[in-house]
Every structure is written in C-alpha cells, then in structure tokens.
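Architecture at a glance
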Amino acid sequence: MKSRLLSILLLAAAVISCTNNTHIIQDNIENAKSQLAFLIEAAEADSTLKIPSTFKNGKVGFVPAKDWVSGFFAGSLWYMYELTGDEFYAEKAQKHTEILHDIQYLTSHHDIGFMINNSYGNGLRLKDIPGYDTVMVNAARSLCTRYRPEAGIIQSWNIAKGWQAEQGWKCPVIIDNMMNLELLFKVSMATSDQSLWDIATSHADKTLEHHYRDDFSTYHVVDFDDQTGEVRGKCTAQGITNESRWARGQAWSLYGFTMTYRYTKAERHLKRAEDIAHYLFVEEDNMPENLVPLWDYDVIQYANDTTEMIALFGDKEAMLPYVEIRDASSAAIMASALYELYWHTKNKFYKKKADKIIESLSSPTYRSEVGENGGFLLMHSTGSVPHTYRGLKKNPNGGNIDVPLNYADYYFLEAL
Ligand code: GLY
C-alpha cells in the first residue's frame, strides 16, 4: 500500500514538473513571437535586409555579414520555426539566411562555423533547401584553410594587423573555436570527407591537451608555434587577467566538448565535458545561485585587491564600474549544453542546472517585457569589457556591456 502511494506521489511530481517545463517553454515562445516581430521589422525596415545584433542607447545595432555574430539572427528565426511549426518563420529565416551567401568563402577568421552552421546549417536540417548543402561544404573548406597541420589546430585569429598584431602571437587559438567544429563534423558526415573529421578531432584533442587548468577551467587564448605545435603562451583577450576565468569562455568550453562528443562518441570528449560541468556547477565558488554569472568569475576578487589592480592596470579603480556586470549569454550557452549533456548521460544533475538557468533567464530580471529591449529576448549580456591588461597592449574590441546580444537569444531559444 505504502509503495503504491509512493509511486502515485512520484508520478504526480513528474507530471507537475513536466507541466511546469511545458508552461515555461510555451510562455517563452509566446514572448519570443511578440519580441521577434519588432526585430524583424527593424531588420527589414530598409530596402536591404540588416542583421540585428544588440540594442543600445535606444537603438537596434546592426552588424555587417562578415561580423562573427551575423548568423545568430537567422538562426533564431529557424529555431522559432522549429518551436512553432509556423511557416512564417521559415520564410523569414530563409530570407535572412541567404544574405550571408558570400560568407561561405570567408577565410579571414575562424568564426565562419558560427556564421554558416547556425544559419544555413539550421536551414538545411529543418527544410533541406537546395543549395544549402553546397554552402556548408564551401564554408567547411574555407574554415580548413586555417588548419595548421604541423600543430594540429585551426588558427583562430590572423596576426598581420589590428590589435592581434601587437601581441607577439604566432598562431592564437581561442576556446570559442571549439564551436566551429560542428560545421566540420556535419559536412564530413554528409560528404564522407574524412579529412574534415580528422581536422575537427585533432583540433578538439589539442584543445583538450593545452587549454585547461588542473581544475578544468579554460584559458581563453593559447598561442601555438604553427610549425612545431609547441605552446608559446596562454593568456586572455576578453577576461580580466590571463589567469582569470572569463565566463563566456567557460561556456564555450562546456558546449564545445558536449557537442564534440555528440559526433565522436569518444569517452575522452564526454569526460572532459563532465569535468568542465563539475568545475562550473560544483567547484566554482563564484557561480551565483541563479546560475547567471558575472562576465568573469574572478572579477570581484581582482576588483577588491587594490595592489593587484594597480599592478595590472596602474589604476585601483579600473574595474569598479564592471564588478556587477553579468553575462546572460554565457548562461544561455551553458543551459543548452547542459540539456545535451543530460541526454548523453541521463544524469539529472545537468537537467536540474539547465532548468534553473532557464528559470532565471525567464524571470523579469533577465527576460524583457514585450515591446522593450529593441525586440531582443534577454537583457544583461556582455560582449567585451574594455580595458588594457597585462600582456595585451591594446583594448580588443571592447563594447556591448550589459546589453542584449543576438547570441544570448539564439542559445536561449536552442535550449528551449
Ligand atoms: N566568440 C567571441 C565571443 O564570445 O565574444
């Protein structure tokens, strides 16, 4: 009798939890329908389509097709099609995908994986539109021009000009680059081109070997010798210091190895994803209760240490304006990765953490009211905090602080 009662109670709890999840998903979809109407209007206001990336000073900001975030708006429209089944979103997504057509030949940085896989890749997966497969193949080939076979890695940034030229790097690889491997795995499977698979696997394994600290937090940048594969240095470009833990980098790291395992089914890739999750959700003392982190897990510690601040920046107050700033984008990326890690492992711990993130991001603290935030779904993301720090002579593309970002919305919809 007792055990029957217990079964009934467990079943009831499961039904309530499922209903709550369905409710939160549906509620977010309804909110996204209203918000995206504003963003679509902004993107289509002129005779040429534009790519919304953020909302600042009361205006939607747009990026050119060659910007690393150019694929996320089209990708969000594809996810809205997937979430609603409404052909309206498929039509919009197709239009906004195809303005990225020329990007398939981009070889000047590694982000073509983000740009083409999130737009054309989702279009191909959901609608099998003729010609999208060719774009994916060309994009994969473009990405592979950045492969350095002696080192076994894909070079992230060029070093001939810009702020990167001043760092003394030879072959910088950033943790974000793990995200681009999905393009290679997909195209390799579609074309049976083993070389793409081998490049992706080699890059993942070199990252696994060299990017991580003992606690499984990741460095942002590892500089390789492209001829010998020797590691020349480890540092940051977007974190507070070389040894700090830049929040979005940790999120790319978790997602990168979870996604890589989806394709390789290699135990070492799953183990790394689980070690990263353990670091983030068990060991990281600065992970807040709502699981939406500050932009760098170490920002408070550095900002509170006057001696350290003067040594690093020559100014004891350099970080003070930024100590409270969160990065909702890193939370959204982690939520999506955790749901996938849960599918792979059936470990409910991951789902619980992902649900908690979605609950936080769906609250009025992070999710915008309809008609506000320029039409973006989430508030409070951080692109890059501007500062000059040790080993980095110039501020790299600082900006987009505490604003909506199109990639936060993309990974939020993906998680839903
Ligand atoms: N991949 C660039 C960034 O996360 O800011």
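Notes on the structure follow. Numbering of residues begins from 1 in every chain and follows the order in which that chain's sequence is written. Reporting of local features is limited, given that this is a predicted model, to residues whose pLDDT is at least 70; pairs of side-chain atoms are given and counted only at 80 or more, and all residues count toward the totals for whole chains, interfaces and linings. Water and hydrogen atoms play no part in the side-chain values, which are based on all heavy atoms of the structure.

**Section: the site of the ligand**
The condition is simple: Residues are classed as near a molecule or strand on a simple rule: at least one heavy atom within 4 Å of it. In protein, a polar contact requires one atom able to donate a hydrogen and another able to accept it; more generally it is a pair of N or O atoms within 3.5 Å, and residues adjacent in sequence count only if both atoms are side-chain atoms. The Shrake-Rupley method, run with a 1.4 Å probe, gives the accessible areas here. Residue values count only the displayed protein chains as cover. Under the scheme applied here, ten amino acids are nonpolar (Ala, Val, Leu, Ile, Met, Phe, Trp, Tyr, Cys and Pro), four are charged (Asp, Glu, Lys and Arg), and all others, including Gly, are polar.
As a structural note, the neighbourhood of the ligand is formed by Trp68, Asp176, Gln238, Trp246, Arg248 and Trp252. Aspartate 176 places a side-chain nitrogen or oxygen 2.7 Å from a nitrogen atom of the ligand. Relative to its unbound accessible area of 200 Å², the ligand is 92% covered by the protein chains. Of the residues that constitute the shell around the ligand, the class distribution is 3 nonpolar, 1 polar and 2 charged.

**What about empty space enclosed by the protein?**
This is how it is decided: Put plainly, a pocket is an open set of points on a 1 Å grid over the protein atoms alone with protein on both sides within 12 Å along at least five of seven lines, a cavity is a set where a 1.4 Å probe fits but cannot get out, and a lining residue has an atom within 4 Å of a point. Grid points are joined across faces, edges and corners, and a volume is the space filled by probe spheres set on the points. The numbering of helices and of strands both runs from the N terminus, where a helix is a DSSP run of H or I of at least 4 residues and a strand a run of E of at least 2.
This structure, assessed with the given rule, holds 1 cavity of 30 Å³ or more. One number sums up the size of the largest cavity: a volume of about 50 Å³. Looking at the lining of the largest cavity, the elements that each hand over two or more residues are α1 (2-43), α2 (72-84) and α14 (406-415). Here the lining of the largest cavity is composed, by residue class, of 6 nonpolar, 2 polar and 1 charged.

**Brief notes about the side chain of asparagine 118**
Stated formally: Contacts are assigned to residue pairs that have any heavy atoms within 4.5 Å of one another.
In this fold, asparagine 118 is placed in helix α4 (residues 112-127). In terms of polar contacts, asparagine 118 uses its side chain to reach the backbone carbonyl oxygen of phenylalanine 114, at 3.0 Å. Ignoring any residue separated from it by four or fewer positions in sequence, one finds asparagine 118 in contact with Gly71, Phe72, Gly75, Trp78, Gly113, Tyr410 and Tyr411.

**Description of α14**
Just so we agree on the cut-off: Burial classes: relative accessible area under 20% of the type maximum marks a residue as buried, over 50% as exposed, and values in between as partly exposed (1.4 Å probe, protein chains only).
Of all 10 residues in α14, 9 are buried, a share of seventy percent or more. For α14, the full list of buried residues reads Asn406, Tyr407, Ala408, Asp409, Tyr410, Tyr411, Phe412, Leu413 and Ala415.

**A few points about the pairing of strand β5 (residues 171-174)**
For the record, the criterion: Note on pairing: DSSP must find at least two bridges between two strands before they are called paired.
Residue alternation in β5 divides its side chains into two sets, Cys171 and Val173 and Pro172 and Ile174, and both sets are buried. Where β5 lies against strand β6 (residues 221-224), 4 bridges are found, and the strand directions are antiparallel. Each bridged residue has a counterpart across the sheet, and for isoleucine 174 the counterpart in β6 is valine 221.

**Here we look at helix α8 (residues 247-264)**
Put simply, the rule reads: Multiply 1.5 Å by the residue count of a helix minus one, and that product is the helix's expected span.
Over its 18 residues, α8 runs 26 Å from end to end, which matches the ideal 26 Å to within 8%, given 1.5 Å per residue. Among the 18 residues in α8, 17 count as buried, and that is most of the element. One or two steps after α8, the chain reaches lysine 265, where phi turns positive at roughly 55°.

**A word on the sheet that holds strand β7 (residues 231-235)**
Where we set the bar: Angles shown run from 0 to 180 degrees and are taken between the N-to-C directions of axes, each axis being a line fitted to C-alpha atoms and, for helices, limited to the stretch in contact.
As summarised here, the arrangement of the 3 strands in space is β5-β6-β7, forming an open sheet in which the pairing is antiparallel. Looking at the sheet topology across the chains shown, the edges are occupied by β5 and β7. Neighbouring strand axes in the sheet, compared pairwise and without regard to direction, differ in orientation by 20° on average.

**With respect to the packing of aromatic side chains**
In plain terms, the rule: Aromatic pairs are defined between Phe, Tyr and Trp rings, using the six-membered ring for Trp, whenever the two ring centres lie within 6.5 Å; interplanar angles under 30 degrees are classed as stacked, those over 60 as edge-to-face, and all others as tilted. Here, a charge over a ring means that NZ of Lys or CZ of Arg falls within 6 Å of the ring centre while also lying within 35 degrees of the ring normal.
Summed over all chains, the structure comprises 23 aromatic pairs. Between tryptophan 68 and tryptophan 252, the ring centres sit 6.3 Å apart and the planes meet at 85°, which makes this aromatic pair edge-to-face. You can see tryptophan 68 sitting in the loop between β2 (59-63) and α2 and its partner tryptophan 252 sitting in helix α8, a full 184 residues away along the chain. Looking at tryptophan 68, the relative accessible area reads 24%, which means it is partly exposed. Classification of tryptophan 252 as buried rests on a relative accessible area of 0%. On the numbers, 5.3 Å between centres and 65° between planes, the contact of phenylalanine 72 with tyrosine 410 is edge-to-face. Taken as a pair, phenylalanine 72 in helix α2 and tyrosine 410 in helix α14 lie far apart in primary sequence, 338 residues in all. Comparing phenylalanine 72 with tyrosine 410, the two get one shared label, buried. Joined through ring pairs, the aromatic side chains of Trp68, Phe72, Tyr79, Phe114, Trp252, Tyr255, Tyr407, Tyr410 and Tyr411 make up one cluster. When the ring centre of phenylalanine 62 is taken as origin, the NZ or CZ atom of lysine 50, which lies over that ring, is 4.2 Å away. The ring of tyrosine 261 is capped by lysine 265, whose NZ or CZ atom sits 4.9 Å from the centre of that ring.

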